[in-house]
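Secondary and tertiary structure notes
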Amino acid sequence: MTAAVNFDLISDLTEAEIARVTSLEGTPIRIEQWNHEASWDSVRHYTWGLGDDNPLYCDPAYAEATPYGTLIAPPTFPYTAFDGAIGAGLPGVQPVYAGTDWTFHRRLRRGDRIIASATLGPVVRRSGRNAASMVIQSALCRYENQDGELIAESVARTFRIPRRAATDGLSFEPRDETVWSDAELDAIRSEAVSEYRRGPEALSGVAVGDKVPAVVKGPIGRIDMTAYYAGCPGSPGYKSVELAWKYREWARTDPQRLPSNYDPSYFWERVLPSIGHQDATAARELGMPGAYNNGPQRVGWFAHCVSNWMGDGAFLAGLNVRLTHPEIFGDVVRISGTVTEVAGTTYTLDLTATNHLGERTASATAVVVADDYGRA
């Protein structure tokens, strides 16, 4: 029998603690950036971590032959500078990514720098079927390039949910990883490798009711998480050996050295609270059904679906993703959508992520502009 992980802190949400984190609204966040530049390698590592090998992002020869004249980064690449995940205050109350409302202003080209800044946003009370008491903390994020031009803005949302052993803790029923037959895996592989990609074809003739073809992700596993973290680490707590010990030490003795989007307790807990993304036993102690995938990665999957549909020359102007149900190791997830509004050359899409059990795990709205390579 696997031993319990035994997190150090198991805390309820109290009115005093909620009031304390609510009072932080408007406070600048001390950010620890991961990527600072949209280099060939940093962009490629991120897109590969999403499972996206679009040559516009990965193949210099292909990209240089487009009107851009160079590689560009996928819309959600600013996540690799700062993903907006918030665990400020509320020691022992688990952070779980809830989604992002993105507004994109311009494309990132190879060699552009990213300067990320953010402030703590509002705190909203919530309750749900699997957690009687929780709040949503938000980060208001801004990303500029080396010339001070605005690349993107986002409102990143994080659930703060008491762990399973707390009074009103998270309470998903444990679920075993799905075991797939060889024939089923062959069918998933065939679907995945033949996904639709518009590429250089112009986005035109779009009508309400048009379908946005699916991308298929999975079966999700530890290697998928490792590949994503190679491009976007997902947490400032992911540090190796000596550096991990230093972060734990600083959390106790000099927390001003650490990024402030997480409470110092996040760094000094004996078991890193984000380990549920890798370890099923830890995830179930938190209240999840099993080891679960990364929230910003899931948002990036929605952008992958939209980018495939819209093609090289169109521009993703907005993407609002709401994560509603965990996706665990062994799951296969399909993301697809429908055109719901056409206004000139601006199109609104509704998208849904559904797992192999037929459960809706996330939904999104996207706004696409057919600007024929015109956006800077």
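Our subject in this report is the structure included herewith. None of the values given here were measured: they were computed from a predicted structure. (Residues numbered from 1 in each chain as written. Predicted model: local features only at pLDDT ≥ 70, side-chain atom pairs only at ≥ 80, totals over all residues. Heavy atoms only, no water.)

1. A look at the overall build of the protein
Convention followed: A run of H or I in DSSP becomes a helix once it reaches four residues, and a run of E becomes a strand once it reaches two; helices and strands are each numbered from the N terminus. For a compact globule the rule gives 2.2 Å times the number of residues to the power 0.38, and the radius of gyration it is set against comes from C-alpha atoms. Between buried and exposed lies partly exposed: a residue is buried under 20% and exposed over 50% of the maximum accessible area for its type, with that area taken using a 1.4 Å probe on protein chains only. A contact between two residues is defined here by any heavy atoms of the two lying within 4.5 Å. Accessible areas in this description were obtained via Shrake-Rupley with a 1.4 Å probe; residue shielding takes into account the shown protein chains only. Positive charge is attributed to Lys and Arg, negative charge to Asp and Glu, and no charge count is given to His or to the chain ends. Where a charge sits is defined by one atom per residue type, namely NZ (Lys), CZ (Arg), CG (Asp) or CD (Glu).
Along the backbone of the protein there are 10 helices and nine strands. The C-alpha atoms of the protein give 20 Å as radius of gyration, which agrees with the globular expectation for 376 residues (21 Å, within 12%). For the protein, the spread of C-alpha atoms along the three principal axes comes to 55 × 50 × 40 Å. The buried share among the 376 residues of the protein stands at 54%. Considering only contacts in the protein between residues 6 or more positions apart, those separated by 24 or more positions represent 74%. Total accessible area on the protein stands at roughly 15700 Å², and carbon and sulfur atoms take up 52% of it. Each charge class in the protein can be summarised by its mean position, and for the 35 positive and 46 negative side chains these summaries are 3 Å apart.

2. Concerning helix 2 (residues 40-50)
One full turn of an α-helix is made of 3.6 residues, so residues set three or four places apart face in the same direction. S42, V43, R44, Y46, T47, G49 and L50 are the residues of helix 2 that are buried. Along its buried surface, helix 2 packs onto helix 3 (55-58), strand 5 (211-217), helix 6 (222-231) and helix 10 (295-310). Of the residues flanking the end of helix 2, it is G51, one or two places downstream, whose phi is positive at about 85°.

3. Considerations on the pattern of salt bridges
Heads up, the condition is: Salt bridge, as used here: a side-chain nitrogen of Lys or Arg that lies within 4 Å of a carboxyl oxygen of Asp or Glu.
Applying the stated criterion across every chain, the model contains 17 salt bridges. A salt bridge links R270 to D8; its shortest N-O distance comes to 3.7 Å. With R270 in the loop between helix 8 (264-268) and helix 9 (280-286) and D8 in the segment before helix 1 (15-22), this residue pair connects regions lying 262 residues apart in the sequence. Between K239 and E32 there is a salt bridge, with the nearest N and O atoms lying 2.9 Å from each other. Within this pair, whereas K239 is found in the loop between helix 6 and helix 7 (241-253), its partner E32 is found in the loop between helix 1 and helix 2, the two being separated by 207 residues in sequence.

4. Concerning the layout of surface pockets
For clarity, the threshold we go by: A pocket here means an open set of points on a 1 Å grid, computed over the protein atoms alone, that has protein on both sides within 12 Å along at least five of seven lines. A cavity is instead a set of points where a 1.4 Å probe fits but cannot get out; residues with an atom within 4 Å of a point line either one. Grid points are joined across faces, edges and corners, and a volume is the space filled by probe spheres set on the points. Following the grouping adopted for this structure description, the nonpolar residues are Ala, Val, Leu, Ile, Met, Phe, Trp, Tyr, Cys and Pro, the charged ones are Asp, Glu, Lys and Arg, and the polar ones are all others, Gly among them.
Approximately 820 Å³ is the volume found for the largest pocket. Lining the largest pocket are 45 residues, with V96, Y97, A98, F159 and L323 positioned closest to its centre. Of all the elements in the fold, those that place two or more residues in the lining of the largest pocket are strand 1 (93-104), strand 2 (115-128), strand 3 (131-144), strand 4 (150-162), helix 10 and strand 6 (315-323). By volume, the second largest pocket amounts to about 400 Å³. Lining the second largest pocket are 21 residues, with L50, G51, V216, K217 and G218 positioned closest to its centre. Of all elements in the fold, only helix 2, helix 5 (182-193), strand 5, helix 6 and helix 10 reach the threshold of two or more residues within the lining of the second largest pocket. With four residues, helix 5 is the single largest residue contributor to the lining of the second largest pocket. Here the residues of the lining of the second largest pocket are counted per class, giving 11 nonpolar, five polar and five charged.

5. Details of empty space enclosed by the protein
Inspection of the entire model under this criterion finds three cavities of 30 Å³ or more. Approximately 210 Å³ is the volume found for the largest cavity. Taken together, 22 residues line the largest cavity, and the ones lying closest to its centre are I72, A73, P74, P75 and R107. Of all the secondary-structure elements, those providing two or more residues to the lining of the largest cavity are helix 3, strand 4, helix 10 and strand 6. Taken together, the residues of the lining of the largest cavity sort by class into 16 nonpolar, three polar and three charged. The volume enclosed by the second largest cavity comes to roughly 70 Å³. Lining the second largest cavity are 15 residues, and of these G92, V93, R160, R163 and Y266 lie nearest its centre. For the lining of the second largest cavity, the secondary-structure elements that each account for two or more residues are strand 1 and helix 8.

Purely spatial values, then, with no claim about function.
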